[in-house]
Amino acid sequence: MPFMPTTLPRTLLTLFACVAFWTLPAAGQIGSLPQELVRKTGVLTAAETDAVASYVAPLMADLASDDAAARGRARTGRIEPLNTSGVSVAFQQAYTEAVSPGLGPLTQSDSIPVRIAAVEAAGWLGTLEGWQLVQANLDHPQPGVRMAAAVAVRTLLVAASARAPAINATGTGAIVRGVTQRLEVEPNAFVADGLVRTLLQGGQLVGVSGYEAAGRSAWDALGEHLPSRVFATRSETDHAAEQSRLTLLGTLEYFRSTNGLVRPTGVDDAIVRA
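Computed from a predicted structure; not experimentally measured.

Draft legend 1. Inspection of the layout of surface pockets at higher detail. The computed volume of the largest pocket comes to approximately 150 Å³. The greatest single-element share of the lining of the largest pocket, amounting to four residues, is contributed by helix H8 (residues 143–162). Looking at side-chain class alone, the lining of the largest pocket contains seven nonpolar, five polar and one charged residues.

Draft legend 2. Here's a closer look at the packing of helix H6 (residues 112–125) against H8. Interhelical geometry of H6 versus H8 gives an angle of 15 degrees and a closest axis separation of 7 Å. Here H6 lies roughly parallel to H8, going by the angle between them. Crossing hand, H6 versus H8: right-handed. Within the contact between the two elements, H6 uses Ile 112, Arg 115, Ile 116, Val 119, Glu 120, Ala 122, Gly 123 and Trp 124 and H8 uses Gly 144, Val 145, Ala 148, Ala 149, Ala 152, Thr 155 and Leu 156. Among the residues making up the contact of H6 with H8, the classes are represented as 10 nonpolar, three polar and two charged.

Draft legend 3. Seen up close, a nonpolar patch on the surface. A contiguous nonpolar patch, built from Leu 246, Leu 249 and Leu 252 and spanning about 300 Å² of accessible area, is present on the exposed surface. With respect to the element layout, Leu 249 can be found in helix H12 (residues 239–256). Classification of Leu 249 as exposed rests on a relative accessible area of 55%.

Definitions and cut-offs
Residues numbered from 1 in each chain as written. Predicted model: local features only at pLDDT ≥ 70, side-chain atom pairs only at ≥ 80, totals over all residues. Heavy atoms only, no water. 1 Å grid on protein atoms, 1.4 Å probe; cavity = no way out; pocket = protein on both sides within 12 Å on 5 of 7 lines; lining within 4 Å. Points joined across faces, edges and corners; volume = space filled by probe spheres on them. Helix = DSSP H or I, 4+ residues; strand = E, 2+ residues; numbered from the N terminus. Nonpolar A, V, L, I, M, F, W, Y, C, P; charged D, E, K, R; others polar. Axes fitted to C-alpha atoms, helices over the stretch in contact; angles between N-to-C directions. Parallel < 35°, antiparallel > 145°, perpendicular 65-115°, else oblique. Left-handed = near helix turned anticlockwise from the far one by under 90°. Contact = heavy atoms within 4.5 Å. Patch = residues over 30% accessible without salt bridge, like charges linked within 9 Å, V, L, I, M, F, W, Y side chains within 5 Å. Areas by Shrake-Rupley, 256 points an atom, 1.4 Å probe, with all protein chains shown as cover. Salt bridge = Lys/Arg side-chain N within 4 Å of Asp/Glu carboxyl O. Buried < 20%, exposed > 50% of the residue type's maximum accessible area, 1.4 Å probe, protein only.

Below, the structure is given as structure tokens:
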């Protein structure tokens, strides 16, 4: 006779049901935060603000750890709410307020791995405060930190177009100007490539209502600075010079590709020719 679940003792069936219940994710939860809080559009109550602070506290402790695994867990935890579909501006602002006091010193840490992790975390905030935490690291003497800052700024610009934006057009304009100023003086060709990729992301804002000027500014910066960087290395054959030329070619390919931004409205023809 085939085995039938009904032949199991009632107590064993009950045990299985309990295990299944506790191992399933809680419905409507994002980490320890309810989805309705992450997506709330109105002002958060004091209790909700406390819940965000309680969620953030252990993540900040792990982010400051010398243990790479702990920093990795903190990365997963801090990104999850911000990467949730429908995350609200109100939540992003509350999250930023909860994170910034602890995150600021970590973005200035003498430990390069901790500093890089903190800079990445600041980029995920998607707010002007996040940009302010990242900005100083664009000038750090270590190329690895500058690259992390370039990537973090790119994450900020993605948030401006992919989420309900918690940063306004003036803020994104300031970000584009800051990246442009760094590109003008960046000596490392590989970090410069990271900055160019960030400006390419900024260029996507020409398709976001209210942010078009910041997008055009990003394309203007690429048109002005990329050709001059490549021209300056025209007779050189080292890896840095080759990277500069690859960066330009990649940008041109991105510009013309149907997967990228094809001839954005309002961009001067001179940029296309350049």
